[in-house]
Amino acid sequence: MLADNLFLKIIERKIPANICYEDDRCLAFHDINPQAPTHVLLVPKKVIPTHADVTDADRELLGHLHLVAAKLANQLGLSDGYRLVVNCRDRGGQTVPHLHMHLLGGRDMHWPPG
Ligand code: AMP
């Protein structure tokens with residue numbers, strides 16, 4: 001069940017977070033419950049509830065998020081590899097209703113994911 005949009009509260013600085021990147025279109029902060037030595041969440045400032053809600057109007061924003069993710073991975077020392085995850089809706093394991101990318105690294109990743 002999707003909870004409150006607490007990422008919007010982080011974007012609006014209503015609740016604290018360990019922010020590691022910001023520009024006019026997105027914000028990145030460290031996950032409060034890290035699943036890897038590096039676990040950063042990258043969120044657009046535009047409210048898009050889930051990956052399934054993106055439209056053609058979001059094309060450039062989605063590309064921007066990927067470019068930022070790659071730069072962040074490099075800055076965070078993940079040049080040996082990393083994983084990007086977007087959980088979508090209930091069966092995808094999404095808990096916060098604001099599109100976000102998980103950037104995970106610092107350990108070997110396994111396949112298939114859980
Ligand atoms: P998802 O399950 O894909 O919706 O991912 C939500 C993520 O948000 C989880 O990995 C949580 O650990 C993380 N999270 C929840 N609350 C916070 C918070 N206040 N600050 C940072 N990360 C959070």
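No experiment lies behind these values; they were computed from the predicted model shown.

**Here we look at the pattern of salt bridges**
For step 1, the next point in the chain: Applying the stated criterion across every chain, the model contains 9 salt bridges.
For step 2, the next point in the chain: Where R13 meets E22, a salt bridge forms, and the shortest distance between an N and an O atom there is 2.6 Å.
For step 3, the next point in the chain: Looking at R13, the relative accessible area reads 45%, which means it is partly exposed.
For step 4, the next point in the chain: Owing to a relative accessible area of 36%, E22 belongs among the partly exposed residues under this scheme.
For step 5, the next point in the chain: R25 is paired through a salt bridge with E60; the nearest N and O atoms lie 3.2 Å apart. Here R25, found in the loop between β1 (19-22) and β2 (26-30), pairs with E60, found in helix α2 (residues 59-75); they are 35 residues apart in sequence, far enough to count as distant.
For step 6, the next point in the chain: On the basis of relative accessibility, which here comes to 29%, the residue R25 falls in the partly exposed class.
For step 7, the next point in the chain: One continuous salt-bridge network, built from bridges that share partners, spans R13, E22 and K45.

**Section: the site of the ligand**
For step 1, the next point in the chain: As a matter of local geometry, the ligand sits amid 16 residues, with D31, N87, T95, H100 and H102 nearest to it.
For step 2, the next point in the chain: Between the ligand and N87, the relevant distance is 2.8 Å, taken from an oxygen atom to a side-chain nitrogen or oxygen of the residue.
For step 3, the next point in the chain: Notes on the ligand: free accessible area 500 Å², of which the protein chains cover 83%.
For step 4, the next point in the chain: Where the shell around the ligand is concerned, the elements lending two or more residues are α1 (6-11) and β2.
For step 5, the next point in the chain: When residues of the shell around the ligand are assigned to their parent elements, the largest contribution, 3 residues, is made by α1.
For step 6, the next point in the chain: Grouping the amino acids of the shell around the ligand by side-chain chemistry returns 7 nonpolar, 8 polar and 1 charged.

**Structural notes on the sheet that holds strand β5 (residues 101-105)**
For step 1, the next point in the chain: In space, the 5 strands of this open sheet follow the order β1-β2-β3-β5-β4, with antiparallel pairing throughout. The open sheet is flanked by β1 and β4 (82-85), the only strands paired with a single partner. The sheet shows a mean angle of 20° between the axes of neighbouring strands, taken without regard to direction.
For step 2, the next point in the chain: Along the sheet, α2 makes contact with β1, β2, β3 (38-44), β4 and β5, crossing β3 at roughly 155°.

**Quick look at the side chain of H102**
For step 1, the next point in the chain: In this fold, H102 is placed in strand β5.
For step 2, the next point in the chain: Using a relative accessible area of 12% as the deciding quantity, one classes H102 as buried.
For step 3, the next point in the chain: Residues in contact with H102, not counting those within four places in the same chain, are D31, H39, V40, L41, R83, L84, V85 and N87.

**Focus on the pairing of β2**
For step 1, the next point in the chain: Among the 5 residues that make up β2, 4 are buried, leaving the element largely enclosed by the rest of the structure.
For step 2, the next point in the chain: Sheet analysis places β1 next to β2, joined by 3 bridges and oriented antiparallel. Looking at β2, one finds that Y21 is bridged to A28.
For step 3, the next point in the chain: Pairing of β2 with β3 involves 5 bridges; the strand directions are antiparallel. Across the sheet, F29 pairs through a bridge with L41, a residue of β3.

What counts and how
Residues numbered from 1 in each chain as written. Predicted model: local features only at pLDDT ≥ 70, side-chain atom pairs only at ≥ 80, totals over all residues. Heavy atoms only, no water. Salt bridge = Lys/Arg side-chain N within 4 Å of Asp/Glu carboxyl O. Buried < 20%, exposed > 50% of the residue type's maximum accessible area, 1.4 Å probe, protein only. Helix = DSSP H or I, 4+ residues; strand = E, 2+ residues; numbered from the N terminus. Near = heavy atom within 4 Å. Polar contact = N/O pair within 3.5 Å; in protein donor to acceptor, adjacent residues only side chain to side chain. Areas by Shrake-Rupley, 256 points an atom, 1.4 Å probe, with all protein chains shown as cover. Nonpolar A, V, L, I, M, F, W, Y, C, P; charged D, E, K, R; others polar. Pairing = 2+ DSSP bridges. Axes fitted to C-alpha atoms, helices over the stretch in contact; angles between N-to-C directions. Contact = heavy atoms within 4.5 Å.

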